[in-house]
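Read off the chains here:
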Amino acid sequence: MQSFWDLLSMYVPWVACKGSGSTESPISPKDTKRSNLQDQPMSQEEGQMILVLVGPKTLLQKKIVKAGDKDQDGQLDFEEFVHYLRDHEKKLRLVFRSLDKKNDGRIDAQEIMQSLRDLGVNISEQQAEKILKSMDKNGTMTIDWNEWRDYHLLHPAENIPEIILYWKHSTIFDVGENLIVPDEFTVEEIQTGMWWRHLVAGGGAGAVSRTCTAPLDRLKVLMQVHASRSNNMSIVGGFTHMLREGGWRSLWRGNGINVIKIGPESAIKFMAYEQIKRFIGSDQETLGIHERLVAGSLAGVIAQSSIYPMEVLKTRMALRKTGQYQGMLDCGKKMLLKEGVSAFYKGYVPNMLGIIPYAGIDLAVYETLKNAWLQRYATSSADPGVFVLLACGTISSTCGQLASYPLALVRTRMQAQASVEGAPQSSMSNLFKHIIKTEGAFGLYRGLAPNFMKVIPAVSISYVVYENLKLTLGVTSR
């Protein structure tokens, strides 16, 4: 039965509190700054906390100190400890209300089974009753709020399952750029093969949204490469140029390969992400924000390295003139014969360097917006609703793009160097210096307007198509 508890502890923190018994050296009184407590009133729960902290130092106690230690000094003073209790109790109340499906103020075995089933974990009624008995004080085989709070108050919940379920930073936020952090799936979804249906639904949604916003994407590439102080290409002027040069079909140049690369990139990123999660030794199904940043960035580097030649082809196809190439294969063949293999990796370095600021700011902004919403509006449920999720995802992705945009522009110019007459074959650093010298800092943001114009329609289209494809593929909502 112990292995069962260990298994469930990966999914729900309130199972993990069954006990992890390390018997390391005890914490001395100074470790909790007891002197700060002498003239302060103390509740029963606070007294229990102090008794736990000055007892044998276990892994659980380390987590409590880590969760409440705001000034990162390795100690827990009175103010930090009271703040931890209040914040933790609020999270516990949110989870209790979400588990209480009948809204009767009590949790029974059926509600525990349903909540775990929503997380992809199927257990028997006997196993649910076993969990229930560990918290049930009065023998009613139900848990009220007081029993729930007393049992969990001294156990830090770093990943509240119900909150994670609603707030998962999903791959549906496809704005036509490189998605750094892949979606995470439960063990149940991976074992049943449901994960690939999510990826297919996300890939299909990305294909549709990118196709619908392809004219804006091509305009962005043209402005990144051709716009300058002497050629101040506007949005209207750019569209007019494309229509005159190649007709309305020219608006979608480069979109074919942009759609084709979604499949291999998503699959490679997902597999790399899962392997990196195992490599870093995380025992949690859902990683923390710093672990996600590391794992997602590394997975992004691996995936981008694998499909990068397709990125170069996409840029060349978007910049091509009418009749220059018969298709993407012809484009690739002529590049190989004229410029060699190295042409397919031009701009590789700034592209890789752009991954970290994009992923870091995207995740940081998303977590900040999520926490702000929870603190202000989460009174009875942690479910933010579709519009809040879409808004948070859109804003965070946009901020990530804004931070990494200069690197993206330099990457595009390096990819396009051989196809533009008279363009210098410069390195990344020289190209940065040239742009700053000739165009100023504003030159690093050429094409930003059409890039931002496509964000809201891309996210909206992605979401609608994603939800409909999930229904078609038989994907159950998480």
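Predicted, not measured: the structure shown is a model, and the values here were computed from it.

About the cut-offs
Residues numbered from 1 in each chain as written. Predicted model: local features only at pLDDT ≥ 70, side-chain atom pairs only at ≥ 80, totals over all residues. Heavy atoms only, no water. Helix = DSSP H or I, 4+ residues; strand = E, 2+ residues; numbered from the N terminus. Buried < 20%, exposed > 50% of the residue type's maximum accessible area, 1.4 Å probe, protein only. Contact = heavy atoms within 4.5 Å. Axes fitted to C-alpha atoms, helices over the stretch in contact; angles between N-to-C directions. Parallel < 35°, antiparallel > 145°, perpendicular 65-115°, else oblique. Nonpolar A, V, L, I, M, F, W, Y, C, P; charged D, E, K, R; others polar. Expected span 1.5 Å × (residues − 1). pLDDT = per-residue confidence, 0-100. Phe/Tyr/Trp six-rings, centres within 6.5 Å; stacked < 30°, edge-to-face > 60°. Core = buried A, V, L, I, M, F, W, Y, C linked by side-chain atoms within 4.5 Å. Patch = residues over 30% accessible without salt bridge, like charges linked within 9 Å, V, L, I, M, F, W, Y side chains within 5 Å. Areas by Shrake-Rupley, 256 points an atom, 1.4 Å probe, with all protein chains shown as cover. Salt bridge = Lys/Arg side-chain N within 4 Å of Asp/Glu carboxyl O. Bend = angle between axes of the 7 residues up to and from the residue.

**Brief notes about the overall build of the protein**
At step 1: Assigned secondary structure in the protein consists of 23 helices and 2 strands.
At step 2: In the protein, which comprises 478 residues, the share counted as buried stands at 50%.
At step 3: Taking the contacts inside the protein whose residues are at least 6 apart along the sequence as the reference set, 74% of them involve residues at least 24 apart.

**Description of unusual backbone geometry**
At step 1: Positive phi values are uncommon outside glycine, yet asparagine 103 reaches one of about 55°.
At step 2: Take asparagine 103: it is sitting in the loop between helix H5 (78-99) and strand E1 (106-107).
At step 3: For asparagine 103, a relative accessible area of 67% gives the class exposed.
At step 4: Phi is positive for methionine 141, which is not a glycine, with a value near 60°.
At step 5: Along the chain, methionine 141 turns up in the loop between helix H7 (125-135) and strand E2 (143-144).

**What to know about the packing of helix H16 (residues 289-319) against helix H20 (residues 386-416)**
At step 1: For the pair H16 and H20, the least separation of the axes is 9 Å and the interaxial angle reads 75°. For the element pair H16 / H20, the angle class is roughly perpendicular. Of the residues in H20, those touching H16 at Tyr308, Glu311, Val312, Thr315, Arg316 and Leu319 are Arg411, Thr412, Gln415 and Ala416.
At step 2: Across the contact of H16 with H20, the residue classes break down as 4 nonpolar, 3 polar and 3 charged.

**A look at helix H21 (residues 428-439)**
At step 1: Here H21 spans 16 Å end to end across 12 residues, near enough to the 16 Å set by a 1.5 Å rise per residue.
At step 2: Each element contacted by the buried residues of H21 is listed here: H20.
At step 3: At the C-terminal side of H21, glycine 440 shows a positive phi close to 80°.

**Focus: the environment of valine 410**
At step 1: Turning to its location among the elements, valine 410 is positioned in helix H20.
At step 2: Sequence-distant contacts of valine 410, defined by excluding residues within four places in its chain, comprise Pro350, Met428, Leu431, Phe432 and Ile435.

**Quick notes on the confidence of the model for the protein**
At step 1: The predicted model of the protein averages 76 in pLDDT, with 72% of residues at 70 or higher.
At step 2: Long-range and interchain partners of residues 1-57, a stretch whose pLDDT sits below 50, account for 98 contacts in this model, where long-range means more than four residues apart.

**Some points on the packing of helix H12 (residues 214-226) against helix H13 (residues 235-246)**
At step 1: Running from N to C, H12 and H13 cross one another at 100°; their axes reach a closest spacing of 10 Å. Relative to H13, the element H12 lies roughly perpendicular. Within the contact between the two elements, H12 uses Pro215, Leu216, Arg218, Leu219 and Leu222 and H13 uses Ile235, Gly238, Phe239 and Met242.
At step 2: Grouping the constituent residues of the contact of H12 with H13 by class yields 7 nonpolar, 1 polar and 1 charged.

**Focus on the packing of aromatic side chains**
Think of a pair of aromatic rings as described by two things: how far the centres are apart, and how the planes are tilted against each other in angle.
At step 1: In this structure the tally under the stated criterion is 7 aromatic pairs.
At step 2: When the ring of tyrosine 308 is compared with that of tyrosine 345, the centres are 6.1 Å apart and the planes differ by 25°; the resulting orientation is stacked. In this pair, tyrosine 308 is assigned in helix H16 and tyrosine 345 in the loop between helix H17 (328-339) and helix H18 (348-353), connecting sequence segments 37 residues apart.
At step 3: The buried category is assigned to tyrosine 308, whose relative accessible area is 0%.
At step 4: Centre to centre, the rings of tyrosine 308 and tyrosine 348 are 5.6 Å apart; their planes meet at 90°, and the pair counts as edge-to-face. With tyrosine 308 in helix H16 and tyrosine 348 in helix H18, this residue pair connects regions lying 40 residues apart in the sequence.

**Comments concerning the nonpolar core**
At step 1: In terms of nonpolar packing, the biggest core is built from 15 residues, with Ile107, Ile112, Ile143 and Trp148 touching the most fellow members.
At step 2: Broken down by secondary-structure element, the contributors of at least two residues to this core are H5, helix H6 (109-118), H7 and helix H8 (145-152).

**Remarks on a nonpolar patch on the surface**
At step 1: Among the surface-exposed residues, Leu243, Trp248 and Trp252 lie close enough to one another that they form a single nonpolar patch of about 350 Å² accessible area.
At step 2: Its place among the elements puts leucine 243 in helix H13.
At step 3: Accessibility expressed as a relative area gives 42% for leucine 243, which makes it partly exposed.

**Some details on the environment of alanine 227**
At step 1: One can find alanine 227 in the loop between H12 and H13.
At step 2: Along the sequence, alanine 227 and glutamate 439 sit 212 residues apart, while their C-alpha atoms lie 10.0 Å from each other.
At step 3: Alanine 227 has contacts with Leu222, Met233, Arg413, Glu439 and Arg446, leaving out every residue within four places of it along the chain.

**Here's the deal with H16**
Working note: α-helix, 3.6 residues per turn, so residues spaced by three or four point in the same direction.
At step 1: The terminal C-alpha atoms of H16 lie 38 Å apart, and with 31 residues this falls more than 12% below the ideal 45 Å at 1.5 Å per residue.
At step 2: At isoleucine 307, H16 shows its largest kink, close to 60°, and the proline proline 309 lies no more than four residues downstream.

**Re the pattern of salt bridges**
At step 1: Within this structure, the stated rule accounts for 15 salt bridges.
At step 2: In this structure, glutamate 265 and lysine 269 form a salt bridge, with 3.6 Å as the shortest nitrogen-oxygen distance. With glutamate 265 and lysine 269 both in helix H15 (residues 262-279) and 4 residues apart, this pair spans about one turn of that helix. There is no split in this pair, since glutamate 265 and lysine 269 are both buried.
At step 3: With a closest N to O distance of 3.0 Å, glutamate 439 and arginine 446 form a salt bridge. Here the two residues glutamate 439 and arginine 446 agree in accessibility, since each one is buried.
At step 4: A cluster of three or more residues bridged by salt bridges with shared partners is formed by Asp217, Lys220, Lys314 and Lys454.

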